[in-house]
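Here's the letter readout for the chains.
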Amino acid sequence: MKEFEQTRAWLLEKGIGEADTGIVLGTGLDEILRHIDVIRSIPYSEIPHFPVSTVEFHKGHLIYGRFANTYLLVMHGRLHYYEGYSMQQIAFPIRIMKLLGIKRLFLSNAAGGVNLHLKKGDLVLIDDHLNLQGSNPLIGTNLPEFGPRFPDMSRPYDRALNNLLKEAAQLLAIPLQQGVYAAVNGPNLETRAEYRMLKLLGADIVGMSTVPEVITANHMGLPCAAISVVTDECDPDNLAPIDIGEIIAIAKKADQKLTRLLLSALQIAPVPHIEQT
Ligand code: HPA
């Protein structure tokens, strides 16, 4: 616990204060940063004990900001397992955000549409997930300060937060699908046989992130919600070679909708309220 406390104290000293809401932005999904008041932005590389990104294009910053009377901590630059971070390293910033007071966590990502009803550019509210990464951020000695040895995962995505996002989508007339997210390691995309397998397993979308952070949040009893942007349609019988340029362009375009949706949710409920279930 010592390094967690050191990092928290260092961040507070640098002007990062207590926050209500945490946000983890998917790669290329950073439009929201143009709409919030940024109070502090600190490179991950300067923060004690923070994992540092290996890939140039994931330059990471922890951002402390404000929007609609809510204080935010935003991770701009996601840590992926395929980059070589350990699962525990991926968990670290999520735990730090919790220690800085966040009461809820929103995550975004780009994902492939395994369910062929989903089209490029669709937004999908993640309702449940399949952890196919073969690892877990909670492996190792349990840290009881954060949560129990065997955390419950019967509802990993918070019902009240999901309802809030659905309400915002309705208000803005933005179509919001719902589905099961399968997390794979990557970094390669899937083979045709793998897309068939994912569909058989019950996945609607597939990506290389989010699940480790969601497991970490659930361990701490931190309510979370996640939205995927569908960037490619994974039809095994008609599979075109992947075009990363196109994936990034689609993510960028859909990011406008996603940003409006998140900002509207923050406006409807600036301060998280804990629903008794
Ligand atoms: N597979 C895995 N990850 C992804 C995909 C995909 O098809 N699209 C975007 N991220």
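Residues numbered from 1 in each chain as written. Predicted model: local features only at pLDDT ≥ 70, side-chain atom pairs only at ≥ 80, totals over all residues. Heavy atoms only, no water.

## Some thoughts on helix α2 (residues 87–99)
Counted at 1.5 Å a residue, the expected span for α2 with its 13 residues is 18 Å, and the 19 Å between its end C-alpha atoms agrees. The complete set of buried residues in α2 reads M87, I90, A91, F92, P93, I94, R95, I96 and M97. The elements touched by buried residues of α2 are α1 (2–13), β1 (21–25), β4 (70–76), β5 (104–113) and α5 (211–219). Within two residues after α2, G101 carries a phi angle of roughly 105°, on the positive side. (Helix = DSSP H or I, 4+ residues; strand = E, 2+ residues; numbered from the N terminus. Expected span 1.5 Å × (residues − 1). Buried < 20%, exposed > 50% of the residue type's maximum accessible area, 1.4 Å probe, protein only. Contact = heavy atoms within 4.5 Å.)

## Points about the site of the ligand
Near the ligand you find A110, A111, G112, L189, E190, Y195, V206, G207, M208, T231, D232 and C234, and these make up its full shell. The contact in question runs from a nitrogen atom of the ligand to an N or O atom on the backbone of G112, over 3.2 Å. Expressed as a share of its isolated accessible area of 260 Å², the protein-covered part of the ligand is 93%. Among the secondary structure elements, those contributing two or more residues to the shell around the ligand are β5, β8 (205–207) and β9 (224–233). With three residues, the single largest contributor to the shell around the ligand is β5. Looking at the shell around the ligand, its residues break down into seven nonpolar, three polar and two charged. (Near = heavy atom within 4 Å. Polar contact = N/O pair within 3.5 Å; in protein donor to acceptor, adjacent residues only side chain to side chain. Areas by Shrake-Rupley, 256 points an atom, 1.4 Å probe, with all protein chains shown as cover. Nonpolar A, V, L, I, M, F, W, Y, C, P; charged D, E, K, R; others polar.)

## Some remarks on the pattern of salt bridges
Inspection of every chain in the model, using the stated rule, returns five salt bridges. Of the charged contacts, one joins E213 and R78 as a salt bridge, the two residues approaching to 2.6 Å between their closest N and O atoms. Taken together, the positions of E213 in helix α5 and R78 in the loop between β4 and α2 put the pair 135 residues apart, joining distant regions of the chain. With respect to class, E213 is no different from R78; both count as buried. Residues R196 and D237 are paired through a salt bridge, measuring 3.1 Å at the closest nitrogen-oxygen approach. Of the two residues, R196 sits in helix α4 (residues 192–201) while D237 sits in the loop between β9 and α6 (244–268), which places them 41 residues apart along the sequence. (Salt bridge = Lys/Arg side-chain N within 4 Å of Asp/Glu carboxyl O.)

## Things to note about a nonpolar patch on the surface
Taken together, the side chains of L132, M197 and L201 make up a nonpolar region of the molecular surface, amounting to roughly 250 Å² of accessible area. Within the secondary structure, L201 sits in helix α4. (Patch = residues over 30% accessible without salt bridge, like charges linked within 9 Å, V, L, I, M, F, W, Y side chains within 5 Å.)

## A look at unusual backbone geometry
With an omega of 0°, the peptide bond between G186 and P187 qualifies as cis. A positive phi angle, close to 70°, is found at H49, a residue other than glycine. Structurally, H49 can be placed in the loop between β2 (37–43) and β3 (61–67). Its relative accessible area of 42% is what places H49 among the partly exposed residues. The phi torsion at A68 lies on the positive side, around 50°, for a residue other than glycine. Along the polypeptide, A68 turns up in the loop between β3 and β4. A68 sits in the partly exposed class, given a relative accessible area of 28%.

## Looking at the environment of V229
On the secondary structure map, V229 appears in strand β9. Classification of V229 by relative accessible area gives buried; the value is 0%. Setting aside its immediate chain neighbours within four residues, V229 contacts L29, N109, A110, A111, D122, L123, I250, A251, A254 and L258.

## Points about α1
Look at α1: 17 Å from first C-alpha to last across 12 residues, which is about the 16 Å you get at 1.5 Å a residue. If you check which residues of α1 are buried, you get F4, T7, W10 and L11. For α1, the buried positions fall inside an angular range of 130° around the axis, keeping them on one side. Opposite the buried face of α1, at more than 90 degrees from it, the exposed residues are K2 and E13. (Arc of directions from axis to C-beta.)

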